[in-house]
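Chain by chain, the residues:
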Amino acid sequence: MKSTLSATALTCALLAAGFSATHAEASARRVVRANADGGVTATTAVNRQGPNGGTRVRNRSTTADGQGNASTAGSASTTGPNGATAVRTGQASRSADGSAERSGSFAATGAKGSVESSGSSSKTADGSVNASRNTTATSAATGNSVQSTASYNQATGVTRTTTCYDATGTAMSCPSR
């Protein structure tokens, strides 16, 4: 839990330090149209640039077939005026039988370090749920990193492992805060 909070804190620090741009310039486009499957497809694209050079680009596409099946995928990238970057991608789908899947990833890099996280979850038509997430955060100052893996399934519950590494990649005890 502490490593998850540390990764979250690092992510917030990277974002706060690097992204102070306001909406100096912005463009957006949204299109909704009927598709050949009897449903609707909607796409959105947004591009913003702040007065200090920060940028934000987002896009998303969502499709439904009119039979109860739907999927969506999107991504976003942000670059701060000082060069810090963050990228997020994700996709999700739902089937008419009630099953669903979702996956996504996030990465951020800045002067204080980097963080990467990816995860997925699924639900079967009968309601069984499985999920997993892998996160790694690395300090730019020391080169030390923390890697956390969490998984869930209804039979075993939550399983979590956290390992810290020094700059050479050797496992070490995780510092307590």
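Our subject in this report is the structure included herewith. Fair warning: this is a prediction, and the values are worked out from it, not measured in the lab.

So, on to the overall build of the chain. Check the secondary structure of the chain and you find one helix and 11 strands. A buried classification covers 20% of the 177 residues belonging to the chain. Total accessible area on the chain stands at roughly 10,700 Å², and carbon and sulfur atoms take up 52% of it.

Glancing now at the pairing of strand 4 (residues 70-79). Inspection of the sheet shows strand 3 (residues 55-64) paired to strand 4 by 10 bridges, in the antiparallel sense. Among the inter-strand pairings, Asn59 is bridged to a residue of strand 4, identified as Ser75. Between the end of strand 3 and the start of strand 4, which pair antiparallel, lie five residues, with Gly66 showing a positive phi angle near 80°. The pairing of strand 4 with strand 5 (residues 85-94) spans 10 bridges and is classified as antiparallel. Its bridge partner being in strand 5, Ala73 is matched across the sheet by Gln91.

Turning our eyes to something else, we now look at the state of the cysteines. Counting across every chain of the model gives one disulfide. Residue pairing for Cys164: its cysteine sulfur links by disulfide to Cys174, the two sulfurs lying 2.0 Å apart. Negative torsions about the S-S bond denote left-handed disulfides, and the value of about 110° found for Cys164 with Cys174 makes this one right-handed. Taken together, the residues span a long stretch of sequence, with Cys164 in strand 10 (residues 157-165) and Cys174 in the segment after strand 11 (171-172) at a distance of 10 residues.

For the rest of this paragraph, the subject is the environment of Ser151. Residue placement: Ser151 occurs in strand 9 (residues 145-153). Classification of Ser151 by relative accessible area gives partly exposed; the value is 31%. In sequence terms Ser151 and Asn134 are 17 residues apart; their C-alpha atoms lie 8.8 Å from each other. Sequence-distant contacts of Ser151, that is, excluding residues within four places in its chain, are made with Ala131, Ser132, Gly157, Val158 and Thr159.

Residues Arg56, Arg58, Arg60, Arg88, Arg102 and Arg133 make up a contiguous surface patch of positive charge. Per element, the largest residue contribution to the positive patch is three residues, and it comes from strand 3. With respect to the element layout, Arg102 can be found in strand 6 (residues 100-110). Residue Arg102 is classed as exposed on the basis of its relative accessible area of 59%.

Here we come to the pairing of strand 5. Hairpin connection of strand 4 to strand 5: five residues between the antiparallel strands, including Gly83 at a positive phi of 100°. Note that strand 5 and strand 6 share 10 bridges and pair antiparallel. Pairing of Gly90 across the sheet is with Gly104, part of strand 6. Adjacent in sequence and paired antiparallel, strand 5 and strand 6 are bridged by five residues, among which Gly98 carries a positive phi angle near 100°.

Conventions and cut-offs
- Residues numbered from 1 in each chain as written.
- Predicted model: local features only at pLDDT ≥ 70, side-chain atom pairs only at ≥ 80, totals over all residues.
- Heavy atoms only, no water.
- Helix = DSSP H or I, 4+ residues; strand = E, 2+ residues; numbered from the N terminus.
- Buried < 20%, exposed > 50% of the residue type's maximum accessible area, 1.4 Å probe, protein only.
- Areas by Shrake-Rupley, 256 points an atom, 1.4 Å probe, with all protein chains shown as cover.
- Pairing = 2+ DSSP bridges.
- Disulfide = S-S within 2.5 Å.
- Contact = heavy atoms within 4.5 Å.
- Patch = residues over 30% accessible without salt bridge, like charges linked within 9 Å, V, L, I, M, F, W, Y side chains within 5 Å.
- Salt bridge = Lys/Arg side-chain N within 4 Å of Asp/Glu carboxyl O.
- Lys, Arg positive; Asp, Glu negative; His and termini not counted.
- Charge placed at Lys NZ, Arg CZ, Asp CG, Glu CD.

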